[in-house]
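Remarks on the overall topology
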Amino acid sequence: MGGCAGSPRRLSDSEGEETDLAPRPRLQDSQGAHWKNAVGFWLLGLCNNFSYVVMLSAAHDILSHQRTPGNQSHAVLLADILPTLVIKLLAPLGLHLLPYSPRVLTSGICAAGSFLLVAFSHSVTISLCGVVLASISSGLGEVTFLSLTAFYPRAVISCWSSGTGGAGLLGALSYLGLTQAGLSPQHTLLSMLGIPALLLASYFLLLTSPGPQDPGGEADSDTSARQPLINNEASESKPGSGSPLSLQERWTVFKGLLHYIVPLVLVYFAEYFINQGLFELLFFRNTFLTHAEQYRWYQMLYQAGVFASRSSLRCCRIRHTWVLALLQCLNLAFLLVDVWLSYLPSIYLVFLIIMFEGLLGGAAYVNTFHNIALETSDEHREFAMATACISDTLGISLSGLLALPLHDFLCQLS
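Residues numbered from 1 in each chain as written. Predicted model: local features only at pLDDT ≥ 70, side-chain atom pairs only at ≥ 80, totals over all residues. Heavy atoms only, no water.

Within an unreviewed UniProt entry, the label attached to the chain reads Battenin, and the organism entered is Bos taurus. Taken directly from UniProt, the Sequence similarities (unreviewed entry) text for the chain runs: "Belongs to the battenin family." (UniProt positions renumbered as here; feature names shortened; annotations may be inferred.)

**Considerations on the packing of helix 5 (residues 155-180) against helix 9 (residues 291-310)**
Contact geometry of helix 5 with helix 9 gives a least axis separation of 8 Å together with a crossing angle of 160°. Classed by the angle they form, the pair helix 5 and helix 9 counts as roughly antiparallel. Our pair here, helix 5 against helix 9, has a crossing hand that is left-handed. Of the residues assigned to the contact of helix 5 with helix 9, the class counts are nine nonpolar, eleven polar and three charged. (Axes fitted to C-alpha atoms, helices over the stretch in contact; angles between N-to-C directions. Helix = DSSP H or I, 4+ residues; strand = E, 2+ residues; numbered from the N terminus. Parallel < 35°, antiparallel > 145°, perpendicular 65-115°, else oblique. Left-handed = near helix turned anticlockwise from the far one by under 90°. Nonpolar A, V, L, I, M, F, W, Y, C, P; charged D, E, K, R; others polar.)

**Observations concerning the nonpolar core**
By size, the foremost hydrophobic cluster in this structure holds 98 residues, and its most contacted members are Phe-41, Leu-44, Tyr-203, Leu-278, Leu-282, Tyr-298 and Phe-369. The dominant element in this core, judged by the number of residues it contributes, is helix 8 (residues 247-278), at 14 residues. Leaving out residues up to four positions away in the same chain, Phe-369 has contacts with Leu-146, Ile-157, Leu-264, Met-385, Ala-388 and Cys-389. (Core = buried A, V, L, I, M, F, W, Y, C linked by side-chain atoms within 4.5 Å. Buried < 20%, exposed > 50% of the residue type's maximum accessible area, 1.4 Å probe, protein only. Contact = heavy atoms within 4.5 Å.)

**Looking at a nonpolar patch on the surface**
Residues Trp-322, Val-323, Leu-326, Leu-327, Leu-330, Met-355, Phe-356 and Leu-359 make up a contiguous nonpolar surface patch of roughly 690 Å² in combined accessible area. Mapped onto the nonpolar patch, the elements with two or more residues apiece are helix 10 (322-341) and helix 11 (347-375). Within the secondary structure, Leu-326 is located in helix 10. A residue is classified by how much of its surface remains accessible, and Leu-326, at 48% relative accessible area, is partly exposed. (Patch = residues over 30% accessible without salt bridge, like charges linked within 9 Å, V, L, I, M, F, W, Y side chains within 5 Å. Areas by Shrake-Rupley, 256 points an atom, 1.4 Å probe, with all protein chains shown as cover. Salt bridge = Lys/Arg side-chain N within 4 Å of Asp/Glu carboxyl O.)

**Overview of the environment of Arg-154**
Mapping Arg-154 onto the fold places it in the loop between helix 4 (124-148) and helix 5. The class for Arg-154 is buried, based on a relative accessible area of 16%. C-alpha of Arg-154 to C-alpha of Asn-371: the two residues are 217 residues apart in sequence and 10.0 Å apart in space.

**Points about the UniProt feature "transmembrane region" (unreviewed entry) in the chain**
Residues annotated in UniProt with the feature "transmembrane region" (unreviewed entry) correspond here to residues 39-63, 75-98, 104-121, 155-176, 188-206, 257-274, 322-341 and 347-366. Its end C-alpha atoms 26 Å apart, residues 257-274 is made of 100% helix and 0% strand.

**Remarks on unusual backbone geometry**
What you tend to see is this: most non-glycine residues have negative phi, and most peptide bonds are trans. At Ser-342, a position not held by glycine, the phi torsion is positive, near 55°. Turning to its location among the elements, Ser-342 is positioned in the loop between helix 10 and helix 11. For Ser-342, a relative accessible area of 56% puts it in the exposed group.

**With respect to the environment of Ser-147**
Following the sequence through the fold, Ser-147 ends up in helix 4. Residues Ser-147 and Ala-388, 241 residues apart in the sequence, show an inter-C-alpha distance of 10.0 Å. Excluding residues that lie within four positions of it along the chain, Ser-147 makes contacts with His-96, Tyr-100, Glu-382, Met-385 and Ala-386.

**A word on the environment of Trp-42**
Within the secondary structure layout, Trp-42 lies in helix 1 (residues 23-57). Using a relative accessible area of 27% as the deciding quantity, one classes Trp-42 as partly exposed. Sequence separation between Trp-42 and Ile-157 is 115 residues, and the spatial gap between their C-alpha atoms is 9.0 Å. Polar contacts involving the side chain of Trp-42 include one to the side chain of Ser-162, which spans 3.0 Å. (Polar contact = N/O pair within 3.5 Å; in protein donor to acceptor, adjacent residues only side chain to side chain.)

**Some remarks on the side chain of Glu-142**
By secondary structure assignment, the location of Glu-142 is in helix 4. Polar side-chain contacts of Glu-142 include one of 2.4 Å to the side chain of Lys-88. Excluding residues within four positions of it along the chain, Glu-142 makes contact with Asn-48, Lys-88, Trp-160, Tyr-365, Cys-389 and Asp-392.

Rendered as structure tokens:
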């Protein structure tokens, strides 16, 4: 894809003193594109994960007014994660090769639909359908935008990851703040309808089309001015325009990703086992917080840790992500023993452990995808990023399946 018609041309030596001035607009355009892409991917990460986080943060409230029997948090968790799992399982089979703009539109529409369905629902079925739409939006968006990073400098992976971490923190904080201020869960969800619109605006109006540079490079200094994706028909032919990989190539790439996929699966298995299996059981009576408020604060502190570590790539890069998996499993064992024996004297100790849990999870996510971008070739990067998306969702799904019977067993003992 060449430069746009309005790009400044490089003057020849015969044109005299103006030769040294010609590259300046080009450099300014390049810097402008860099910042637009950085902000664009940060906002895409924020908006894409926002509805997912709100649904999990609202696990206590979404179904409580409908008097649903059983464990409400797990009902929301399963509806929120299983559609995402199906989408990410389809990604290596060719989903990542579909045009990007229709996928982004579908993601935004599903996000808005999820807020509306849950807010106006008067039945369990409709509420869970809204949660399913949030899951479809989040899963499709993550596959789409992580695949898209393959055509931009690697710095956008850090921006995307930081945005997803910001979604966790802002989603949990906004839901916590608005509900504690007296707003009902229904009105809280309706107030968040601007998020899907911001996602669409970030992609179609802010993000610029990929330039002719090496997508793995860190600099844009030689790229020409670029136009927003919605105005550049050629942009759809750049990502995904190459010939599809053969089954043998896909299998070879997948095997090479396993040493990153397996640790990330373990990290998310352990942390969501804690979040959805133990949070409700880590209840302290010697505090002014109610049971529901304690649950919300657990979610908020966890998301704060995730945001901090997903934004830390420029400061701290971790190659051996299996260390993070080991530490997260130790976190799980420590809190599981506390649920059984109740030996921790204060809720503030649990607050610290949960924030550390979030730090581990966020660091595992951003470093995994950054390492994959570093180690995969240009022709394999789009497929590799889409395939590795399954890691977190698979870990969450497995934790949900095992946490259900364990939660019931521990409740019977108490």
